[in-house]
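Coordinates in review
This is what each chain is made of:
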Amino acid sequence: MYKVLVFAGTTEGYEICRFLADHQVQTKGFVATEYGSKSLTENEYLTVQTGRLDEAAMEQIFAQEKPEMVLDATHPYAAEVTVNIRTACEKTQIPYRRVLRESGVHEDKAVYVESVQAAAQYLDQTQGNVLLTTGSKELAGFTGMKDYQERLYARVLSLPNVMQACAELGFEGKHLIGMQGPFSRELNAAMLRQYHCKYLVTKDTGKAGGFQDKIDAALECDAVPVIIGRPLKEEGMSVKECKRFLTEHFSLTHQSHVTLLGIGMGSPEMLTVQGKNSLDQADLLIGARRMVDSVKRPGQDVFIEYRSQEIKDYIDSHPEYNNIVIVLSGDVGFYSGAKKLLDVLQQNRQCQGIMNEKMPERNKLSQDDLNSEIPEQNEMGQGRLIQDTTQPEIQVQCGISSVVYFMSKIGLSWDDAKIVSAHGRGCNLISYICNEKKVFAILGTSDGVAVLAKKLVEYGMGNVLLYVGENLSYDNEKIFVKTADEMTEYTGDPLSVICAINESAGERLETHGIKDEEFIRGKAPMTKEEVRTVSLSKLRLTEDSICYDVGAGTGSLSIEMALRAHQGKVWAIEKKEDAVELIRQNKVKFAADNLEIIEGLAPEALVDLPAPTHAFIGGSSGNLKEIVKLLIEKNPQVRIVINCITLETVSEALETAKEFGFEENEIVQLSAARSKAIGRYHMMMGENPIYIITLQNPQK
């Protein structure tokens, strides 16, 4: 017994038959001709019956099979067949559902007529060649036109009986074109130009019938589309709506194919051949509007969205889409949303990696990985990720990144460049430019170039060359180069890239043990070089640490913290005005752009600051316990290093450690001496002994 009977004979009908069979729903498909039957392959879930049926034959089949429903996916112009199917369903009380082909997008330059006869009458009053794309059955209606054998070019199926019938009507030689579709816009346009046609006659066969490709080709060739309107004004479901209905009705487990596609900078010319093929086959396009608009095909369904969870929710709630493409700017592995998208789309999924043969060995999943999450180094690997049948099949396709495109445009290699992004993320570009001779960066604001240039000038690097690229790959692309001191007032496109060339890179920066005499000094106290080195070692900073320097003095330790945590942030808290000015001068001298100076007294000056990962306390003004209390309130795992000179401060620090129950509680007493030349002798001159106390609670 068949659950569904499908009257096919159209692209939509074939698609629905295959959809049902793929989901193991017993289906019988009906097609009128042998030609139609070749489009379907029978299997254990799909049977195909060939031949035309009248209403009585349909009624007999329905009564015998007793299906749950009948789907009418016949051609929009097969009005009589539709009437027969509907009548047979009414008599046998079998649910009937009409599947309609989506209408094409009509153009204002087209001529609309109600019938073939009306089209012939209109064309008879015109001059110029005509390309007929309505099929062989309609040709007789055009034979009443004067000079029809010279003006008309008929495109029909290349079947012997069809060609013979057309020849009997007077269509022969070059005026009879035997071809099987589908026909692309380019092929339609080539035919119009080949035969110098001024008109193209078509029925509104919808997107699946190639209607829009015909209209687009006609307009491209300055030919007038003559559109024969649909004979019936019907109501029904689209193929997508039908798939959704069937999924819900039979509680089908749906598996769609999702492609994460890098589209380059945005211009269609930047698409890879693989990307173009994926877009051509897509049922649904998802992405930000700018990117979707640049690559969408005529009549293609789109969902404007860039947030990962919303994209997943939409895919889960729309089972009618088989091939979904999510478009992402640039390359999927270069500061792309693909990473987060993969994480969201792969939630609660068992993954099996079937990778492209051309993929490097390091990007292939081992057998041990089959039932685990994809390792981070594999998440951008090109290839397919096939999951269980309840989840979409995911494919990642690379694109052309902005760094590849831009560096080729300015004629520089990028294998020796530091590549970073300051678009929507914290990034200390100054630190990179200080250390690297070549830095590529993505910016994210219209004044991004000017802000960077001003900082470079402030830190004495106004001679750094800035290559700037805006609107890459578009018609209004702009690429130029100037020094930083020429760019301090520049306003450009928010989405831009730069390449900074600093020939003096590496000469300004030492991140370990800067000599005391290198700092600008006044009367403010300064933590000496040896003590700074040990204290920084105890802090164990990382490149993205968030640090406080409480009682910063001249800022010597603040500077070294900022240079070590060059992609983090350092706040120097100092209550004395003259010391604050010294910190500012040292910040400029060492280009410590990630150092912020807070003039005030701790703990009050710390209240509004972000939670720290590390804190150094060199001076507490008697508020040590209150400062530590605030620090652990902000971050219970904050790592604290305290420098004490007096025994009273040591005692206060030990009482504080005991009160707050720090599990790591280390004390180091450091005595250092430096040599001093006295005549021809050297005497060791001792520095004040320092107690270095380290406190931290372990990560819970």
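Residues numbered from 1 in each chain as written. Predicted model: local features only at pLDDT ≥ 70, side-chain atom pairs only at ≥ 80, totals over all residues. Heavy atoms only, no water.

Comments concerning the overall build of the protein
From N to C terminus, the protein includes 22 helices and 32 strands. Relative to a compact globule of 700 residues, whose C-alpha radius of gyration would be 27 Å, the protein shows 37 Å and is clearly more extended. Taken along the three principal axes of its C-alpha coordinates, the protein extends 125 × 55 × 45 Å. The buried share among the 700 residues of the protein stands at 51%. Taking the contacts inside the protein whose residues are at least 6 apart along the sequence as the reference set, 66% of them involve residues at least 24 apart. Split by element, the accessible area of the protein, about 33500 Å² in all, is 47% carbon and sulfur. In the protein, 75 side chains carry a positive charge and 98 a negative one; their mean positions are 2 Å apart. (Helix = DSSP H or I, 4+ residues; strand = E, 2+ residues; numbered from the N terminus. Rg over C-alpha atoms; globule rule 2.2 N^0.38 Å. Buried < 20%, exposed > 50% of the residue type's maximum accessible area, 1.4 Å probe, protein only. Contact = heavy atoms within 4.5 Å. Areas by Shrake-Rupley, 256 points an atom, 1.4 Å probe, with all protein chains shown as cover. Lys, Arg positive; Asp, Glu negative; His and termini not counted. Charge placed at Lys NZ, Arg CZ, Asp CG, Glu CD.)

Examining the environment of Trp414
With respect to the helices and strands, Trp414 occurs in the loop between helix H15 (402-410) and strand S19 (418-421). Residue class for Trp414 comes out partly exposed when judged on its relative accessible area of 38%. Ignoring any residue separated from it by four or fewer positions in sequence, one finds Trp414 in contact with Val403, Val404, Met407 and Ile419.

What about the pattern of salt bridges?
What the rule picks out here adds up to 27 salt bridges. Note that Arg185 is salt-bridged to Glu186, the shortest N-O span being 2.9 Å. The partner of Arg532 in a salt bridge is Glu560, with the nearest N and O atoms 3.0 Å apart. Here Arg532 is found in helix H18 (residues 529-539), whereas its partner Glu560 is found in helix H19 (residues 556-564), with 28 residues between them in sequence. For the pair formed by Arg532 and Glu560, the shared burial category is buried. Salt bridges here are not isolated pairs; linked through shared partners, they connect Asp516, Glu530, Arg532, Glu560 and Arg674. (Salt bridge = Lys/Arg side-chain N within 4 Å of Asp/Glu carboxyl O.)

Observations regarding the side chain of Arg151
Relative to the helices and strands, Arg151 is located in helix H6 (residues 148-151). Among the polar contacts listed, one links the side chain of Arg151 to the backbone oxygen of Gly128, at a separation of 2.9 Å. The contact partners of Arg151, leaving out residues within four places of it in the chain, are Leu123, Asp124, Thr126, Gln127, Gly128, Asn129, Val130, Met145, Lys146, His175 and Tyr199. (Polar contact = N/O pair within 3.5 Å; in protein donor to acceptor, adjacent residues only side chain to side chain.)

Here we look at the packing of aromatic side chains
Under the counting rule described, the total for this entry stands at 12 aromatic pairs. Through a chain of ring-to-ring contacts, three or more aromatic side chains come together here, namely Phe334, Tyr335, Phe406 and Phe440. Of note, Arg155 hangs over the ring of Phe183, and the distance from its end group to the ring centre comes to 3.7 Å. (Phe/Tyr/Trp six-rings, centres within 6.5 Å; stacked < 30°, edge-to-face > 60°. Lys NZ or Arg CZ within 6 Å of the ring centre and 35° of its normal.)

Structural notes on helix H21 (residues 624-634)
Residues Leu624, Ile627, Val628, Leu630, Leu631 and Ile632 constitute the buried set of H21. Among the structural elements, strand S24 (546-550), strand S27 (614-617), strand S28 (639-644) and helix H22 (647-660) are those in contact with the buried residues of H21.

Focus on unusual backbone geometry
The phi angle of most residues is negative, glycine excepted, and most peptide bonds adopt the trans form. For the peptide bond that leads from Ala602 to Pro603, omega is 10 degrees, which places it in the cis range. Along the chain, Pro603 turns up in the loop between strand S26 (595-599) and S27. Located in the positive-phi region is Ser251, a residue other than glycine, with phi close to 50 degrees. Note on placement: Ser251 falls in the loop between helix H10 (239-249) and strand S12 (257-262). Overall, Ser251 belongs to the exposed group, its relative accessible area being 61%.

With respect to the nonpolar core
Of all hydrophobic cores here, the largest spans 28 residues; its most connected members are Leu539, Ile559, Met561 and Leu595. Broken down by element, this core gets its largest block of residues, five residues, from H19. Not counting residues within four places of it along the chain, the set of residues in contact with Leu595 comprises Ser558, Ile559, Ala562, Val570, Ala572, Ile583 and Lys587. (Core = buried A, V, L, I, M, F, W, Y, C linked by side-chain atoms within 4.5 Å.)

Some thoughts on a nonpolar patch on the surface
Taken together, the side chains of Ile678, Met683 and Met685 present a nonpolar region at the surface, about 280 Å² in accessible area. Taking the relative accessible area as the measure of exposure, Ile678 reaches 48% and is therefore partly exposed. (Patch = residues over 30% accessible without salt bridge, like charges linked within 9 Å, V, L, I, M, F, W, Y side chains within 5 Å.)

Some details on the packing of helix H3 (residues 55-65) against helix H4 (residues 79-92)
Taken N-terminus to C-terminus, the directions of H3 and H4 make an angle of 40 degrees; their axes are 9 Å apart at the nearest point. With respect to H4, the element H3 is oriented oblique. When the axes of H3 and H4 are compared, the crossing they make is right-handed. Side by side, H3 and H4 meet where Glu55, Met58, Glu59, Phe62 and Ala63 of the first sit next to Val81, Asn84, Ile85, Thr87, Ala88, Cys89, Lys91 and Thr92 of the second. Among the residues making up the contact of H3 with H4, the classes are represented as seven nonpolar, three polar and three charged. (Axes fitted to C-alpha atoms, helices over the stretch in contact; angles between N-to-C directions. Parallel < 35°, antiparallel > 145°, perpendicular 65-115°, else oblique. Left-handed = near helix turned anticlockwise from the far one by under 90°. Nonpolar A, V, L, I, M, F, W, Y, C, P; charged D, E, K, R; others polar.)

Points about the sheet that holds strand S21 (residues 465-470)
In spatial order, the strands read S19-S20-S23-S21-S22; together these five strands make up an open sheet with mixed pairing. Every interior strand has two partners, whereas the edge strands, S19 and strand S22 (478-483), have only one. With direction set aside, neighbouring strand axes in the sheet form an average angle of 15 degrees. Note that strand S20 (residues 438-442) and strand S23 (residues 496-501) share five bridges and pair antiparallel. Across the sheet, the residue bridging to Phe440 is Cys499, located in S23. Against the sheet, helix H17 (residues 448-458) makes contact with S21 and S23, and its axis sits at roughly 175 degrees relative to S21, the strand it touches most. (Pairing = 2+ DSSP bridges.)

Geometric values such as these leave the question of function open.
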